[in-house]
Amino acid sequence: MEAAPAGPLLQPEEDEANREEEHYCDMMCCKFKKVPLKEYLKKMKLPTSIDSQTDVSYVMWLLLVTVAYNWNCWIIPMRLAFPYQTPKNMRYWLITDIICDIIYLSDLLIVQPRLEFLRQGDKIIEPKEMKEHYRTSTKFKMDLVSIIPFDALYLIFGFNPVFRTNRTLKYITFFEFNDRLESRMDNAYIYRVIRTTGYLLFVLHVNACIYSLASDYEGIGSTKWVYDGKGNRYLRCYYWAVRTLITIGGLPEPQNTFEIIFQLLNFFSGVFVFSSLIGQMRDVIGSATANKNHFRASMDNAITYMNTYSIPKIIQNRVRIWYKYTWDSQRILDESEFLEHLPTKMRLAIAINVNFNIVNNIDLFKGCDTQMIYDILLKLKSSVYLPGDFVCKKGEIGREMYIIKQGEVQVLGGPDDTKVLVTLKAGAVFGEISLLAKGGGNRRTANVVAHGFANLFILDKKTLSGILVHYPDSEKLLMQKAKLLLKQKAKPSEAPPPVKGFALLFPPKEETPKMLKALLGGSGKASLSRLLRLKKELAAQEKEKKIEVKEQKIEGIENQGKEPAEKPLNMPKCNVREEEVSKPITKAVLSRENPKSSLIITMTPSSNAEEEILTVEMKEKAK
């Protein structure tokens, strides 16, 4: 009962052993392990899908396929026309043919079925759909025909390279490699020139092979027109092809009808092929120098205009320098020209990578909506200033903000506006307050001059106002920051003059209080004569008070023994506690222009110990 389950437990182990034995084969009394193709591909870790637009490894694979394709295109005609394939070196030709066939087959079975494709804008990465898409394409049909093994006919007709001519049908992969490579090169026109030159050399190569076959058909050395059998056969035939296609002339005259027809067809095809290649070469070179031609035309037009209106030579030289520096620094006169053809999202992506860090570091825009900053990036305009050019002048209305992209500018000030206050370098910003100033803009407070060549970004007030309409929160924040920046950048008060001589022994006089300035007539300056007059009036008042007190005492002594004619009215007494007795009141009498009255200012303590009550009285003087 206990031994019964042992059989099923041993079955998985036996199955695994059988599977392992299946991967071995007996050969010459030895066992060799065979690795299944699927497991081998898994070990290679090939990707399930390949992006043909961005994957660099795919471009490298296309390069390998292109090398195999060019080998077949160049070598197969040569092996047919020239005696370079012999029984002694046949194995070397077979090895190279097998390697090329393996590359073709790998591209057909492994690489191409994994290519991603677009369907109604969606990227398809499903393996089954990618395979089905490739199998229904024209590329698959051409690849399949190019790999058909007509080489098996070697067994019947011998080693004839004509059975491999179908390998030249894999041209779609060749042109795809050219497109992918050009899209990745910085100077694609260089590769286009090389490729066009290769086309010309290949046409001459094929023509040389055809001439060699025609010489074999006529007989080597049978006439003056055919190859005479002397020297290097390939070089002699290639030389004849060059002179024929380029129509140089000086060739032997054809002797019979075959040679005449062959020569006529060769001339006609040579004119057509050579003219088309020359035209293609002209287009390639023309597109490569289009920007420079536009630059030269613009510069010539500007010089012609200045000569027409007799512009001074100094200005003309500065215009030439501006054109030359602009071209040397950015290879284009206006950067917005080539960006305007791109979609908005692509232009924004380029602007973010180039200028986002500069704009984002501006204090005025910190904390604002990121999308608003993106809109600003799209509106920035680039401008180049020559050494000594005024970016902005003192006193003019500011309507732009400047961001230094490259170079330096100097802020000038001082009595004659020639003193360098500060030097601003790349990444610095100036004029940002002008964007948010009310009433048409504020005036510049200093001159800003380019120190050397300077490339600046400009953002005008009208553009920013149009952007802020869509971002009200950011507009409020910018207004608040503008007020703070205006306070921080307000013009500082002039520094006091240096203290010299005996003034070092005496401290500076404190400023007269505003209230006292108002009472003194609003001028804020009390003259010495007025102070002396005030002092005399105070002394006269004190003297009068003393005289009145003495007269009252004398009258009191005289009236002690006499009855008053009338009793004075009984006045109610006020009981005042000692705590409520206020402190002595200090009075100051300030005289105005009217001599009949005096002005009395009284300070009385209030219930709050830290505050006092100010009382002003106008009192007439006694006659």
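In this text, all values refer to a predicted model and were calculated from it rather than measured experimentally. (Residues numbered from 1 in each chain as written. Predicted model: local features only at pLDDT ≥ 70, side-chain atom pairs only at ≥ 80, totals over all residues. Heavy atoms only, no water.)

Caption draft 1: Focus on the overall build of the chain. Secondary structure summary: the chain contains 20 helices and 13 strands in total. Considering the chain as a whole, with its 623 residues, one finds that 30% of them fall into the buried category. Excluding contacts between residues fewer than 6 apart, the proportion of contacts in the chain whose partners are at least 24 apart in sequence is 65%. For the chain, the exposed area adds up to about 43800 Å²; of that, 60% sits on carbon and sulfur atoms. (Helix = DSSP H or I, 4+ residues; strand = E, 2+ residues; numbered from the N terminus. Buried < 20%, exposed > 50% of the residue type's maximum accessible area, 1.4 Å probe, protein only. Contact = heavy atoms within 4.5 Å. Areas by Shrake-Rupley, 256 points an atom, 1.4 Å probe, with all protein chains shown as cover.)

Caption draft 2: Examining the nonpolar core more closely. Core analysis: the largest hydrophobic core is formed by 27 residues, its most contacted members being Val359, Phe365, Met372, Ile376, Leu380, Ile403 and Leu436. Put simply, the parts of the chain that give this core at least two residues each are α15 (344-360), α16 (370-379), β7 (400-413), β10 (447-460), α17 (461-468) and α18 (472-488). Ignoring sequence-local partners within four residues, the contact set of Ile403 consists of Ile358, Val359, Ile362, Leu380, Ala428, Val429, Asn455, Leu456 and Phe457. Core analysis: the next-biggest nonpolar cluster, separate from the first, contains 21 residues, Ile75, Met78, Ala81 and Trp93 among them. (Core = buried A, V, L, I, M, F, W, Y, C linked by side-chain atoms within 4.5 Å.)

Caption draft 3: Just the side chain of Asp143, in detail. Inspection of the secondary structure assignment puts Asp143 in helix α6 (residues 138-146). Those residues in contact with Asp143 that lie beyond four places of it in its chain are Asp107, Leu108, Gln112, Tyr134, Lys170 and Thr173.

Caption draft 4: Inspection of the side chain of Asn178 at higher detail. Along the chain, Asn178 turns up in helix α8 (residues 171-184). Aside from chain neighbours lying at most four places away, what touches Asn178 is Tyr191, Arg195 and Tyr199.

Caption draft 5: Highlighting the pattern of salt bridges. As enumerated under the stated definition, the model contains 21 salt bridges in all. A salt bridge links Arg167 to Asp101; the shortest N-O distance between them is 2.8 Å. With a gap of 66 residues between them, Arg167 in the loop between α7 (154-157) and α8 and Asp101 in helix α4 (residues 90-111) connect regions that are remote in the sequence. The same class applies to Arg167 as to Asp101, namely buried. Asp151 is the salt-bridge partner of Arg167, the closest N and O atoms lying 2.7 Å from each other. With Arg167 in the loop between α7 and α8 and Asp151 in the loop between α6 and α7, this pair connects stretches of sequence that are 16 residues apart. Across the pair, exposure class does not vary: Arg167 and Asp151 are buried alike. Within the structure, one salt-bridge network assembled from shared partners comprises Arg79, Asp97, Asp101, Asp151, Arg164 and Arg167. (Salt bridge = Lys/Arg side-chain N within 4 Å of Asp/Glu carboxyl O.)

Caption draft 6: Expanded view of unusual backbone geometry. Although it is not a glycine, Ser310 sits at a positive phi angle of roughly 55°. Tracing the chain through its elements places Ser310 in the loop between α12 (290-308) and α13 (313-330).

Caption draft 7: Summary view of a nonpolar patch on the surface. Judged by side-chain polarity, Val56, Met60, Leu63 and Val67 come together as a nonpolar surface patch covering roughly 350 Å² of accessible area. With respect to the helices and strands, Val56 occurs in helix α3 (residues 56-81). A residue is classified by how much of its surface remains accessible, and Val56, at 47% relative accessible area, is partly exposed. (Patch = residues over 30% accessible without salt bridge, like charges linked within 9 Å, V, L, I, M, F, W, Y side chains within 5 Å.)

Caption draft 8: Here's a closer look at α18. With 17 residues, α18 should reach 24 Å at 1.5 Å per residue; the first-to-last C-alpha distance of 25 Å fits that figure. Listed as buried for α18 are Ser474, Leu478, Lys481, Ala482 and Leu485. Summarising the axial view, the buried residues of α18 lie within an arc of 115°, below the 170-degree limit, and thus occupy one face. In this structure, α18 carries Asp473, Lys476, Gln480, Lys483 and Lys487 as exposed residues pointing more than 90 degrees from its buried face. Residues of α18 that are buried make contact with α16 and α17. (Expected span 1.5 Å × (residues − 1). Arc of directions from axis to C-beta.)

Caption draft 9: Focus on the environment of Leu386. With respect to the helices and strands, the residue Leu386 is situated in the loop between β5 (381-385) and β6 (390-392). Counting along the chain gives 64 residues from Leu386 to Ala450, while the straight-line C-alpha distance between them is 6.6 Å. Beyond its immediate stretch of four places on either side in the chain, Leu386 contacts Arg318, Ile321, Trp322, Ala450, Gly452 and Phe453.

Caption draft 10: Structural context of the confidence of the model for the chain. On average, residues of the chain score 79 in pLDDT, and 73% of them are at 70 or above. In the predicted structure, residues 1-13 sits below a pLDDT of 50 and forms 0 contacts with residues beyond four places in sequence or in another chain. Predicted confidence is poor over residues 563-593, with pLDDT under 50, and the contacts of this stretch with residues over four places away or in other chains come to 33 contacts. (pLDDT = per-residue confidence, 0-100.)

Caption draft 11: The arrangement of the environment of Asp55 in detail. Mapped onto the secondary structure, Asp55 falls in the loop between α2 (37-44) and α3. Among the residues examined, Asp55 registers a relative accessible area of 24% and is labelled partly exposed. Considering only alpha carbons, one finds Asp55 and Arg180, 125 residues apart in sequence, at a separation of 10.0 Å. In terms of polar contacts, Asp55 uses its side chain to reach the side chain of Ser57, at 2.6 Å. (Polar contact = N/O pair within 3.5 Å; in protein donor to acceptor, adjacent residues only side chain to side chain.)

Caption draft 12: Layout of the packing of aromatic side chains. The tally for this structure, following the rule as stated, stands at 25 aromatic pairs. Note on Phe82 and Tyr234: the rings are 5.3 Å apart at their centroids and 70° apart in plane angle, and the pair reads as edge-to-face. Of the two residues, Phe82 sits in the loop between α3 and α4 while Tyr234 sits in helix α10 (residues 233-245), which places them 152 residues apart along the sequence. With respect to burial, Phe82 and Tyr234 carry one shared label: buried. On the numbers, 5.8 Å between centres and 40° between planes, the contact of Tyr234 with Tyr238 is tilted. With a gap of 4 residues between them, Tyr234 and Tyr238 both fall in helix α10, about one helical turn apart. (Phe/Tyr/Trp six-rings, centres within 6.5 Å; stacked < 30°, edge-to-face > 60°.)

Caption draft 13: Representation of α15. Between the first and last C-alpha of α15 there are merely 20 Å, a value that for 17 residues lags more than 12% behind the 24 Å anticipated at 1.5 Å per step. At Val354, α15 is deflected by roughly 55°, the largest bend along its length. For α15, the complete set of buried residues consists of Leu348, Ala351, Asn355, Phe356, Ile358 and Val359. Taken together, the buried residues of α15 touch α16, β7 and β10. (Bend = angle between axes of the 7 residues up to and from the residue.)

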